[in-house]
4 protein chains.
Amino acid sequence: MIDNKAFRGVVPPVVTPLKADHSLDVESLERSVNRMIDAGVDALFFLGSSGEVAFLPDSLRAQVLEAAVSIVDGRVPVMAGIIDIETLRVIEQAKQAESLGVDALVATAPFYALGGPKEVERHFRDIHEATSLPLFAYDLPICVHTKLQPDMLIRLGEEGVLQGVKDSSGDDVSFRWLIIGNNEVGHPLQILTGHEVVVDGAYLGGADGSVPGLGNIDPYSYVEQWQAAQAGDWPAVKTIQDRLARLMDITRHVKATVGFGAGVGAFKTALWQMGIFNTNQMSEPVQALTGEDVERIVAVLKREGLMEAAAPIKASFEG
Amino acid sequence: MIDNKAFRGVVPPVVTPLKADHSLDVESLERSVNRMIDAGVDALFFLGSSGEVAFLPDSLRAQVLEAAVSIVDGRVPVMAGIIDIETLRVIEQAKQAESLGVDALVATAPFYALGGPKEVERHFRDIHEATSLPLFAYDLPICVHTKLQPDMLIRLGEEGVLQGVKDSSGDDVSFRWLIIGNNEVGHPLQILTGHEVVVDGAYLGGADGSVPGLGNIDPYSYVEQWQAAQAGDWPAVKTIQDRLARLMDITRHVKATVGFGAGVGAFKTALWQMGIFNTNQMSEPVQALTGEDVERIVAVLKREGLMEAAAPIKASFEG
Amino acid sequence: MIDNKAFRGVVPPVVTPLKADHSLDVESLERSVNRMIDAGVDALFFLGSSGEVAFLPDSLRAQVLEAAVSIVDGRVPVMAGIIDIETLRVIEQAKQAESLGVDALVATAPFYALGGPKEVERHFRDIHEATSLPLFAYDLPICVHTKLQPDMLIRLGEEGVLQGVKDSSGDDVSFRWLIIGNNEVGHPLQILTGHEVVVDGAYLGGADGSVPGLGNIDPYSYVEQWQAAQAGDWPAVKTIQDRLARLMDITRHVKATVGFGAGVGAFKTALWQMGIFNTNQMSEPVQALTGEDVERIVAVLKREGLMEAAAPIKASFEG
Amino acid sequence: MIDNKAFRGVVPPVVTPLKADHSLDVESLERSVNRMIDAGVDALFFLGSSGEVAFLPDSLRAQVLEAAVSIVDGRVPVMAGIIDIETLRVIEQAKQAESLGVDALVATAPFYALGGPKEVERHFRDIHEATSLPLFAYDLPICVHTKLQPDMLIRLGEEGVLQGVKDSSGDDVSFRWLIIGNNEVGHPLQILTGHEVVVDGAYLGGADGSVPGLGNIDPYSYVEQWQAAQAGDWPAVKTIQDRLARLMDITRHVKATVGFGAGVGAFKTALWQMGIFNTNQMSEPVQALTGEDVERIVAVLKREGLMEAAAPIKASFEG
């Protein structure tokens, strides 16, 4: 039985390693997951946006969750993204995830078809009724084009529909309203920020944890930062954040493409160059980064001490 | 073998009738499809946005296509929407649709994960390689938040990747560039407009046909309009359009909700009140229209002669 | 006294010629205005978006209107843009324009400060009360980020607040609702389309005229097209539109910049190369087009017969 | 001579009190400005968005700055918004403000006409060349629809074009990149946050100060918060922020309108009810809040201790 407090602290959204044939690279996944757990992360979130969930067919999604549950083996809670277009499709994802033994589910607002707040609220209620697992709302307007309103989230928290919120809305004002309103009704929601560059402000403001994609690259610093926040050492929280923000430079100067291919493409490239992943293979239609983009990422990793200064650049996939 | 010219003229996106338990109402589907074919439509597009494709689980999508192919029985070509988030998931939809015997596929740009033009173009190339069926690009930025660029579409038409375009972009200037550019290279693409209220201007500008959601309600007028356009009777094309625009009022004054639930909700309610559908059941999380919304729709149908002036309003589902 | 019917037909938004020192080039303005009147345009719209109104200080705006009224000299009605941020500032523009003898005013929704429909409607009422001139609403959401709703426009038309609408909304469906609704209440509004590439469809749908920026370059064709529309010769209307759409290519392949600098920059460059303007000087912070951008524009002008095939390219300003 | 360090700390954007005839209420302005200076604010920003700059004609803008310079009388630096559409118009605002004796200027990116990054950068360079005063960039995409890029801002800081940035972008990630990048090149820019609800996180992240609209209502708490931040007392910084966030509720439940009229309308109503302003008069086309909206605001003020619990509600303007 997972304790409600289990979903606090550092919860990296796990990047999904792929082989050249687009199948799951379980060996790399195991290496990365074990490294994050060893670093002290509090939980792991599989099949989030950074996990390429949008790109993976249902069968591959199932393989990811099976491998996740097996590798994690109860050491930390496993959260699973159940990302699909509208309610009944999301519920099918929920049932598959639940049957594979995950500990909590994470769902966005519905997307593609235009709706209003009525439909969004009913969507989360429908999903909750269809599962016995704790349900997190994933606030991600850049992908689903709906901002989840704090009042609705808090109401669903009070009623037991939602266990928490993963906020990647980029709206720090709304995030603060959510934290304050949640506290006013007894803190039913676990509120996690998804913005790895401003975790310090989120912690100071009262967030219960973070879901940092960059935590795949440097889980140690995010764990150290969370511990400093728990200890009230705010200058340390801020100093660690600045270091992590500089590391985030790996994603900021990609030339070959934009958006997801630049962001997660850089994460995968870093993990590959650091020897954690076997390749930086991406899922169709996104192409892996190459050439100068790889070189720039390696330069940042060396500058920030994540790779030895003398390490050679891997120019092509190993396997 | 479907002729290239088959995808011209009036191609209604078929509204999907559901039973109260959310299963497919085959009886209503048969009535509606037969009515449209009897009216003289040139093809039928199943699992479009108006067909609630976003809401339907894969198993229900398969049932829709099976029923579609069976009911249509070769009388007109069957186009099938293969709507999913990213490429590999769309390809799975394509394979299911192809195995069920449809005649052409319709895919949007990828959505949810942010990308750039490189990824959009590769997406359509990947889908084309995975199927032997004609492929249409569905330009629907209001749902997928990417506008398909005319230059790319024409290039993919010339190379045989795309058979045509269903344009619901709401960008009539871009639509004109598409038509003109397509003509300059020999008209490889069949270009259909999805905006049922301005079909007259699209035909005058050179569109090859239309995909009018409102064609579910009044297929006769859209067929009459297409015939008038073929005959060069532009005043008639315009007059019919004005009548159809007035009929479109059924969607414009819904109070209970917004977006899809108002638009397709009104279509379903009209089909129910006209006796073509057994219910106006919607898919979760959208609720069927009721009360005054139904009354307003009936008033428009009577005003426009689609229902007898004395017909009573059906106050609840029949079955 | 200007007749209500005066604001129909072809009403080019006049491009404002500037000298190298950013002052008004009256000589070029006179040449261009006379050419458009000789071509048979029905009215002229000064200080529209194409007239660089956003860039011009109040004193220069006054010079433009003074020169406009003087040059036009009653041959056609003069419409004047009164573009400013919020109501009281717009009213000051209205008073300046009225004092300079223009025949009608054109105002957008307020911009910069966020508001709702109440404020937009009150804005137009306030302006109307402050002037005795006919007032047109300029629907330009790409610049002011508010779409004017057909119902509000028609209500203001019926009440005599608005004389008409210049629609550059890019929303052809809403434009059709506007036309149909306006007709249902007796046609109080003169409705003009600002989209020069799809004027044919707008005329077929019932528009009262057009405000084509490209009419600065080829007023003759727009006049010919309007006459064909009045005569019901729709194939001619369409054929002329296709030719004008190809001419619009001058704006579509600019490399040096984007947006306004590409669009109006191309118009000015064409007018300069055709010998109508003395320069293609733009207003700060926009830079005039040069080099290959000029060459591409000249190539289109020659291809479409607006310049002699053998004419040399003007490589720099003449004066 | 204003020291570079003068533009740090708490810099409220001054709300502009108006009389019922829309003229400047100098008496109320004096009361409010003196109260903020007495509370210990570090500078004052007149003619910002909260100061209704978008609504005020040039003559009224001049009156505001004249009164501001006279009332402040050198006690703190006076910053002045020079908000207009495009560069030459902004420069005219700059010259008027400079002639009236202000200490620094604040300009947004150009708006209305579409442009690209070239034009934005040239815009700030042009303004800088036209004035001898320190220039701040005002990053306000919600109003001007352009996000200022950190790299450009830092480059303009290094070159002496910009003295600082007032960030109201709502993009806390970009804000962090700006702070970090600015520090890396020697901190040429003074970086102020405009988001009054998350100042604590901004201070922890390294902001040089804040521009809180809510500082008009409770300047004491913002000053206390800044002093706590300077002393490194982060728990106090956070606790004060939570209190201020609850006070911000005055803006969150307005029923009569949306956007600016709700936000600044609530500020004015609070200042009126607290006896600092004589009225809550707004500028056309925005209407002052009334009835239940006033009651709700008063209830929040009482709950947060800004008004005595027993104070009666002012039901109408005093004068």
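So, how was this worked out
- Residues numbered from 1 in each chain as written.
- Chains lettered and ligands numbered in written order.
- Predicted model: local features only at pLDDT ≥ 70, side-chain atom pairs only at ≥ 80, totals over all residues.
- Heavy atoms only, no water.
- Contact = heavy atoms within 4.5 Å.
- Buried area = accessible area lost by both parts, 1.4 Å probe.
- Salt bridge = Lys/Arg side-chain N within 4 Å of Asp/Glu carboxyl O.
- Polar contact = N/O pair within 3.5 Å; in protein donor to acceptor, adjacent residues only side chain to side chain.
- Helix = DSSP H or I, 4+ residues; strand = E, 2+ residues; numbered from the N terminus.
- Nonpolar A, V, L, I, M, F, W, Y, C, P; charged D, E, K, R; others polar.
- Expected span 1.5 Å × (residues − 1).
- Buried < 20%, exposed > 50% of the residue type's maximum accessible area, 1.4 Å probe, protein only.
- Domains from an automatic or database assignment.
- Least-squares fit on C-alpha atoms with pLDDT ≥ 70 in both.
- Phe/Tyr/Trp six-rings, centres within 6.5 Å; stacked < 30°, edge-to-face > 60°.
- Axes fitted to C-alpha atoms, helices over the stretch in contact; angles between N-to-C directions.
- Parallel < 35°, antiparallel > 145°, perpendicular 65-115°, else oblique.
- Left-handed = near helix turned anticlockwise from the far one by under 90°.
- Pairing = 2+ DSSP bridges.

### Considering the interface of chain B and chain A
If you look at the interface, chain B gives 46 residues, while chain A gives 46 residues. Here chain B packs against chain A, burying approximately 3,900 Å² in sum over the two surfaces, 60% of which is carbon and sulfur. Here Arg-89 of chain B ties to Asp-58 of chain A by a salt bridge, and the two come within 2.8 Å at their closest N and O atoms. For the interface between chain B and chain A, the tally reads 19 residue pairs in polar contact (both at pLDDT 80 or more). When contributions to the side of chain B that touches chain A are tallied by element, the ones reaching two or more residues are α2 (58–72), α3 (87–99), α4 (117–129), α5 (141–144) and α11 (260–273) of chain B. Among the residues forming the side of chain B that touches chain A, the class breakdown is 21 nonpolar, 14 polar and eleven charged.

### Examining the interface of chain B and chain C
At the junction of the two partners, chain B supplies 26 residues and chain C supplies 26 residues. In total, about 2,400 Å² of surface goes out of reach between chain B and chain C, with carbon and sulfur atoms giving 64% of it. Of all residues in chain B, Arg-176, Trp-177 and Leu-204 of chain B bury the most surface against chain C, accounting for 29% of the area lost on that side. For the pair chain B and chain C, the number of links is four salt bridges.

### Some points on helix α2 (residues 58–72) of chain A
Taking 1.5 Å as the rise per residue, α2 of chain A with 15 residues should run 21 Å; its terminal C-alpha atoms sit 21 Å apart, in good agreement. Residues of α2 of chain A that are buried include every one of Leu-60, Arg-61, Ala-62, Val-64, Leu-65, Ala-67, Ala-68, Ile-71 and Val-72 of chain A, and no others. Elements in contact with the buried residues of α2 of chain A: α1 (26–39), β2 (44–46), β3 (78–81) and α3 (87–99) of chain A together with α3 of chain B.

### Remarks on the domain arrangement of chain A
Residues and elements named next belong to chain A. Segmentation of chain A into domains returns domain 1 (4–247) and domain 2 (248–319). Its C-alpha centre places domain 1 at a distance of 24 Å from the equivalent point of domain 2. Counting residues at the interface gives 30 residues for domain 1 and 26 residues for domain 2. Taken over both partners, the interface formed by domain 1 and domain 2 buries close to 2,300 Å², and the fraction arising from carbon and sulfur atoms is 63%. Per-residue buried area on domain 1 facing domain 2 is highest for Phe-55, Ile-217 and Leu-247; these three make up 26% of the total on that side. Our count for the contact surface shared by domain 1 and domain 2 stands at two salt bridges. Across the contact surface, domain 1 and domain 2 share 17 residue pairs in polar contact (both at pLDDT 80 or more). Residue classes in the side of domain 1 that touches domain 2 are distributed as twelve nonpolar, eight polar and ten charged.

### Things to note about the relation of the copies chain B and chain C
Superposition of chain B onto chain C requires a rotation of 180° combined with a translation of 0.0 Å along the rotation axis, giving an RMSD of 0.0 Å. The transformation just described matches what one would write down for a two-fold rotation axis. In terms of C-alpha distance to the rotation axis, chain B has Gly-201 of chain B as its closest residue, with the C-alpha 1.9 Å off the axis. Comparing contact sets, 100% of the residues at the interface of chain B also lie at the interface in chain C, consistent with an isologous, same-surface contact.

### Regarding the packing of aromatic side chains
Counted under the stated rule, the structure contains 22 aromatic pairs over all chains. Between the aromatic rings of Phe-7 of chain A and Phe-136 of chain A, the centroid separation amounts to 5.3 Å while the plane-to-plane angle is 70°, which identifies the pairing as edge-to-face. Taken together, the residues Phe-7 of chain A in the segment before β1 (9–10) and Phe-136 of chain A in strand β5 (residues 135–139) connect sequence positions 129 residues apart. Across the pair, Phe-136 of chain A and Phe-7 of chain A agree in class, each one buried. Ring centres of Phe-45 of chain C and Tyr-138 of chain C lie 5.8 Å apart, and the angle between their planes is 75°; on these two criteria the pair is classed as edge-to-face. Of this pair, Phe-45 of chain C sits in strand β2 (residues 44–46) while Tyr-138 of chain C sits in strand β5 (residues 135–139), and the two are 93 residues apart along the sequence. This pair shows no difference in class: Phe-45 of chain C is buried, exactly as Tyr-138 of chain C is. One aromatic cluster is present, built from ring pairs that chain together Phe-111 and Tyr-112 of chain A together with Phe-111 and Tyr-112 of chain B.

### Concerning the packing of α1 of chain A against α2 of chain A
All names here are of chain A. Viewed as axis vectors pointing N to C, α1 and α2 meet at an angle of 45°, and their least axial separation amounts to 10 Å. Classified by the interaxial angle, the pair formed by α1 and α2 is oblique. Taken as a pair, α1 and α2 cross one another with a handedness that is right-handed. Side by side, α1 and α2 meet where Val-26, Leu-29, Glu-30, Val-33, Asn-34 and Ile-37 of the first sit next to Ala-67, Ile-71 and Val-72 of the second. Residues that form the contact of α1 with α2 fall into these classes: seven nonpolar, one polar and one charged.

### A few points about the sheet that holds strand β7 (residues 190–193) of chain D
Residue and element names in this part refer to chain D. Read across the sheet, eight strands follow the order β1-β8-β7-β6-β5-β4-β3-β2 without closing on themselves; strand pairing throughout is parallel. Each edge of the sheet is formed by a strand with only one pairing partner; in this case those strands are β1 (9–10) and β2 (44–46). As judged from the three bridges shared by β2 and strand β3 (residues 78–81), these two strands associate in the parallel manner. Across the sheet, Phe-46 pairs through a bridge with Ala-80, a residue of β3.

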